[in-house]
Amino acid sequence: MLYLHTKNSSYIINIKPYGKLEQVYYGKRIKEDDNISLPSQSNDPPHSVLYQQDCFDTLERISQEYGENGKGDFRESGIFIFTDKSQTTDFCYKSHKFYSGKNPHQTMPTADENCETLEITLFDDHLNLELVLYYHSYYDVDVIARSAKLVNKSQQSVTIDRMMSLCLDLDDDDYNLISFEGSWANEMHKKEQPITTGIYTIDSKVGTSSNRHNPCVILKQSQATEDFGNCYAFNLIYSGNHAEIIERSPFNYIRFLTGINPYGFNFDLVPQQEFHTPEAVMSFSHNGLNGTSKNMHNFINNHIVPKEFAYKDRPILINNWEATYFDFDKPTLLQLAKEAKDTGVELFVLDDGWFGNRSSDKAGLGDWVENKDKLCGTMKELAEDINNIGLSFGLWFEPEMVNQDSQLYKKNPHWVMANGKMSAGRNQFILDLCNSDVRDYIVDSVSTVLKNANIEYVKWDMNRNFSDVFSASVNNQGEVCHRYVMGLYDIYKRLTTQFPKVLFEGCSAGGNRFDLGIMCFMPQIWASDDTDAVERVRIQKSVSYGYPQSVCSAHVSACPNHQTMRTTQIEARFNIAAFGVLGYELDLTKLPQIEKDIVKEQIAFYKENRATLLYGDMYRLQASSEQRTVCAVVSKDLSTGFIGDFYTLQSPNPFKNKIITKYLCDNKYYNISARKQYFIYENEKVVLPTENYCGFGDGLNYKGFVLNNQHIGKLAENTRTLCDFGSRLYNLDGAEK
Ligand code: DGJ
């Protein structure tokens, strides 16, 4: 029996006498016991395939460690290989070893090396193929990372048709599936559904991890809640086409698989070559969805994001995109920067439109040379001017793309990923990152810009989905999408190694590539092009199931909002942005003075509490109605924190509202006060009534506290005023008493 433990979970594998690996248990931590009851198969189940003549085991009724094809397990398999000899594989146990850390076996990004590893080697004697299964246990955060490697030890090439990163068979069958679905500016709709008989796939075929279906998925016991019950959260350290396959077999076994999407994929493995899957991660908690979220948050902060940026403050930025779009010149930018500096902003980000012939989205992509007319000089000079105002300077790129109307396309039309008539998206085409010349060009052109000016931040955008998938530099076209992702990681690695201090932010038309692969290089990602305060509450709440606040950029923008045309108070826009990496993306030069003054106070508040807001433990709290979302962040030492109370539509004279906190220190006494917040009413700035509550942590955690009555016709002491889409932030201040 092989045991793998994290602080609160155990994973147990049994080696069958005939060499197959049986998944015995994954769940709450238990003691090691080789007599743990295993399903016995002492008779010959009718109409089944026995693994071998002299034993009664039929593989479809045993939980498998890595399901295979052709030996009687008819469920979706972890691996599928075609060779001249067969399409059946039969990998059997050869050896295993435990060690600390990781062998540097991966060419792709992975979680860091602070882990304990179990490595199991299996062999198929008939095909002469070796399969190595890796299990990396991140003890402190209750996460296990898994991957698989295939080594071709035969004399013939083999074709991998499918090779998943993780296969998990669950003992019980009463699970619901939670996934996050969406589209552009409409990302992360949380969906929950029971797992019924059959096969259900969540996947991406768009080339990136996609806003259609995020690779983070959760299996929860049907009765589990935010705080109770068994939940398994999964994710993949990969930024391309992925698939999460869930099968409930006729015998009520549930199998979960995640990895590179087998759709449109195959990979030729020549003799002696190896193929390694991306790493998948899984976390178990029996404390409900907040339990798995907390594990994943800590895992990402501790083991995924680059060390240079882990637990570091993130600069508050102003981005000129929604302020100017393509229509800017140097004086406009400097004016915006001055206003931003005045409010307390720390970083100025120049978005799309600074290069080549880029005055709209029809031209210029690929030509990463500053447009001196528009910038009235060089990038170096602009950066200096911004620095002289007192802000650091950052720049937008979209290096994976080219417009036909560009110098790059004129010179190298064959660099586009296409073969024949091309479909377009936003007037742009995808460069073939499988081609090393293309990668060299991207690295050279981006690094030339970064070397020549004081640029401390890069926003790396990617604004279209794949079509016409083809690469002239790859023999097997089934490998192109995967090799593209490998090419992208090669570029990221070279640039982030060359510029280790530059903060890279990922972006793909918002959240079209919001995944752990990107986070290994870029510690923050623009979660959505939707900056509407109400939409952002939903999006960021969904993000919180799998990702911490520190990776999720969130901007305060203008109203009416550019995506929804909705008008919300500037304080509501801030309150939700404060639960992420704060930025502003609006024309501050046009903002009325009263709102500018409010922004100043918001920024001062965020700076003072940045560490807790970014790195405190985040929980979703119980909300009394569909019109409300409540969440909290609490510092690791439980001494301080914030509660966000977000509403959509209001009704007059509403029912009482209560907040029940979680995980506060039972013995600490907490003073709870609403952040000083304004309400703009008939162009006047009105201060909302103060709110103060208090109590011992245990009382707040179990009984909760009742909020003041909501506005009932007039502004008065001891009432709360929340217009439609209103929200409040409460500060928790705890001390021993
Ligand atoms: C899409 C991004 O998500 C936006 O924030 C902005 O950078 C535009 N691209 C610029 O073209």
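For clarity, every value in this text was computed on a predicted model and none was experimentally measured. (Residues numbered from 1 in each chain as written. Predicted model: local features only at pLDDT ≥ 70, side-chain atom pairs only at ≥ 80, totals over all residues. Heavy atoms only, no water.)

A few points about the environment of Gly-356
Part 1: Looking at the element boundaries, Gly-356 is found in the loop between strand E21 (347–350) and helix H4 (379–389).
Part 2: With relative accessibility at 23%, the residue Gly-356 sits in the partly exposed group.
Part 3: Taking C-alpha positions, Gly-356 is 36 Å from Ile-260, a pair spaced 96 residues apart along the chain.
Part 4: Setting aside its immediate chain neighbours within four residues, Gly-356 contacts Asp-367, Val-369 and Asn-371. (Helix = DSSP H or I, 4+ residues; strand = E, 2+ residues; numbered from the N terminus. Buried < 20%, exposed > 50% of the residue type's maximum accessible area, 1.4 Å probe, protein only. Contact = heavy atoms within 4.5 Å.)

Here's the deal with H4
Part 1: Every buried residue of H4 is accounted for by Met-379, Leu-382, Ala-383, Ile-386 and Ile-389. The buried residues of H4 all sit within an arc of 115° when viewed along its axis, so they share a single face.
Part 2: Residues of H4 that are buried sit in contact with helix H3 (330–343), E21 and strand E22 (392–397).
Part 3: Just downstream of H4 lies Gly-390, where phi reads positive at about 110°. (Arc of directions from axis to C-beta.)

Observations concerning helix H10 (residues 570–577)
Part 1: By the criterion of burial, H10 is predominantly enclosed, with eight of the eight residues buried.
Part 2: Three or more residues of H10 are buried, namely Ile-570, Glu-571, Ala-572, Arg-573, Phe-574, Asn-575, Ile-576 and Ala-577.

Things to note about the side chain of Gln-569
Part 1: The topology assignment puts Gln-569 in the loop between strand E28 (552–557) and H10.
Part 2: Separated by 2.8 Å, the side chain of Gln-569 and the backbone nitrogen of Ile-680 make a polar contact.
Part 3: Those residues in contact with Gln-569 that lie beyond four places of it in its chain are Tyr-678, Phe-679, Ile-680 and Cys-723. (Polar contact = N/O pair within 3.5 Å; in protein donor to acceptor, adjacent residues only side chain to side chain.)

Quick look at the sheet that holds strand E3 (residues 21–28)
Part 1: The strand order across the open sheet formed by three strands is E1-E2-E3, and the pairing between neighbours is antiparallel. Looking at which strands have only one partner, the edges of the open sheet turn out to be strand E1 (2–5) and E3. Strand-to-strand twist in this sheet, taken as the mean axis angle between neighbours without regard to direction, amounts to 15°.
Part 2: Judged from the four bridges that link them, E1 and strand E2 (residues 9–15) form a sheet pairing that is antiparallel. Note on E2: the bridge partner recorded for Leu-4 is Tyr-11. (Pairing = 2+ DSSP bridges. Axes fitted to C-alpha atoms, helices over the stretch in contact; angles between N-to-C directions.)

Some thoughts on the site of the ligand
Part 1: By nearness alone, 13 residues border the ligand, and Asp-351, Asp-352, Lys-459, Asp-461 and Asp-529 come closest of all.
Part 2: A distance of 2.8 Å separates an oxygen atom of the ligand from a polar side-chain atom of Lys-459.
Part 3: Contact between the ligand and Asp-461: a nitrogen atom at 2.7 Å from a side-chain N or O atom of the residue.
Part 4: By residue class, the composition of the shell around the ligand is five nonpolar, two polar and six charged. (Near = heavy atom within 4 Å. Nonpolar A, V, L, I, M, F, W, Y, C, P; charged D, E, K, R; others polar.)

Considering the pairing of strand E34 (residues 668–674)
Part 1: Of the two faces of E34, only one is covered, namely that formed by Lys-668, Tyr-670, Ile-672 and Ala-674; the face formed by Tyr-669, Asn-671 and Ser-673 stays uncovered.
Part 2: Sheet topology places E34 next to strand E41 (residues 727–736); seven bridges connect them, and they run antiparallel. From the neighbouring strand, Tyr-670 faces E41, where its bridge partner is Gly-734.
Part 3: Pairing of E34 with strand E37 (residues 692–696), which is carried by five bridges, proceeds in the antiparallel orientation. Bridged to Asn-671 within E37 is Cys-694.

Some details on the nonpolar core
Part 1: Grouped together as the largest cluster of nonpolar side chains are 189 residues, with contacts concentrated most on Trp-354 and Tyr-584.
Part 2: Looking at this core element by element, the count peaks at nine residues for helix H7 (residues 480–498).
Part 3: The contact partners of Trp-354, leaving out residues within four places of it in the chain, are Phe-328, Trp-368, Val-369, Glu-370, Asn-371, Leu-375, Met-379, Leu-395, Trp-396, Phe-397 and Val-449.
Part 4: Of all hydrophobic cores here, the second largest spans 20 residues; its members include Leu-621, Val-630, Ile-659 and Cys-665. (Core = buried A, V, L, I, M, F, W, Y, C linked by side-chain atoms within 4.5 Å.)

Let's talk about the side chain of Glu-571
Part 1: Along the chain, Glu-571 turns up in helix H10.
Part 2: Polar side-chain contacts of Glu-571 include one of 2.9 Å to the backbone nitrogen of Tyr-678.
Part 3: Once you skip the residues sitting within four places of it in the chain, Glu-571 turns out to touch Ile-598, Gln-602, Arg-675, Lys-676, Gln-677, Tyr-678 and Ser-727.

Here we look at the packing of aromatic side chains
The relative placement of two aromatic rings is captured by the distance of their centres and the angle of their planes.
Part 1: In total, this model carries 38 aromatic pairs according to the counting rule given.
Part 2: Taken together, a centroid distance of 5.7 Å and an interplanar angle of 55° make the contact between Trp-415 and Tyr-441 tilted. Taken together, the residues Trp-415 in the loop between helix H5 (407–411) and strand E24 (428–430) and Tyr-441 in helix H6 (residues 436–452) connect sequence positions 26 residues apart.
Part 3: Judged by centre distance (4.9 Å) and plane angle (85°), the ring pair of Tyr-669 and Phe-696 falls under edge-to-face. Pair noted here: Tyr-669 is in strand E34 and Phe-696 is in strand E37, with a separation of 27 residues, a long-range link.
Part 4: Members of the aromatic cluster, each reached through a chain of ring pairs, are Tyr-11, Tyr-26, Tyr-135, Tyr-175, Tyr-232 and Phe-284. (Phe/Tyr/Trp six-rings, centres within 6.5 Å; stacked < 30°, edge-to-face > 60°.)

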